[in-house]
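Structural overview for review
Spelled out from the first residue to the last, the chains are:
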Amino acid sequence: MSCEHLICAQCSNPVVEGRCPTCRAARAELHDHGPSVPPAVVLAVLVGLLFAALVLQRVYG
């Protein structure tokens, strides 16, 4: 869904312009596509899994 064609009910302007607090909140909600987990945490988990796999390979391999 895009806010390009939405009109704000409070200020009657396009939501994409973000002229009032309602417009800005709606625009932020529609365009919030960022990851919720920081990339550093994902990298740390992957390194931990790699370490665990190497330890298990030494123990059982």
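We now examine the overall build of the protein. Of the regular secondary structure elements, the protein holds 2 helices and 0 strands. Each of the 61 residues in the protein was classed as buried or not, and the buried ones make up 13%. Sequence-distant contacts, at least 24 apart, represent 19% of the contacts inside the protein between residues at least 6 apart. Roughly 5100 Å² of accessible area belongs to the protein as shown, and the carbon and sulfur atoms make up 65% of that amount.

Nonpolar side chains collect at one region of the surface, where Val37, Val41, Val42, Val45, Leu46 and Leu49 lie side by side and expose about 500 Å² of accessible area between them. Mapped onto the fold, valine 45 is located in helix H2 (residues 39-60). You can call valine 45 partly exposed: its relative accessible area is 46%.

Here we come to H2. The terminal C-alpha atoms of H2 lie 31 Å apart, and with 22 residues this matches the ideal 32 Å at 1.5 Å per residue to within 8%. Buried residues are scarce in H2, accounting for 0 of its 22 residues.

Applying the stated criterion across every chain yields a total of 0 disulfides. Cysteine 23 supplies the cysteine sulfur nearest to cysteine 8, a cysteine that is in no disulfide, at a spacing of 3.5 Å.

The rules behind these values
Note that residues are indexed from 1 along each chain, following the sequence as it is written. Local features in this predicted model are restricted to residues of pLDDT 70 or higher, and side-chain atom pairs are both shown and tallied only at a pLDDT of 80 or more, whereas totals for entire chains, interfaces and linings draw on every residue. No hydrogens and no water enter the side-chain calculation; it runs on all heavy atoms of the structure. To qualify as a helix, a DSSP run of H or I must reach at least 4 residues; to qualify as a strand, a run of E must reach at least 2; elements of each kind are numbered from the N terminus. Burial classes follow relative accessibility: with a 1.4 Å probe on protein chains only, a residue under 20% of its type's maximum area counts as buried, one over 50% as exposed, and anything between as partly exposed. The contact rule is simple, with two residues in contact once any of their heavy atoms fall within 4.5 Å. All accessible areas in this document rest on Shrake-Rupley with a 1.4 Å probe, and a residue is counted as covered only by the protein chains that are shown. Patches draw on residues past 30% relative accessible area with no salt bridge. Two like charges within 9 Å are joined, as are two nonpolar side chains (Val, Leu, Ile, Met, Phe, Trp, Tyr) within 5 Å. The term salt bridge refers to a pairing of a side-chain nitrogen on Lys or Arg with a carboxyl oxygen on Asp or Glu at a separation within 4 Å. Here, expected helix span is obtained from the residue count minus one, scaled by 1.5 Å. Defined by distance alone, a disulfide is two cysteine sulfur atoms within 2.5 Å.

None of the figures reported here should be taken as evidence of function without further support.
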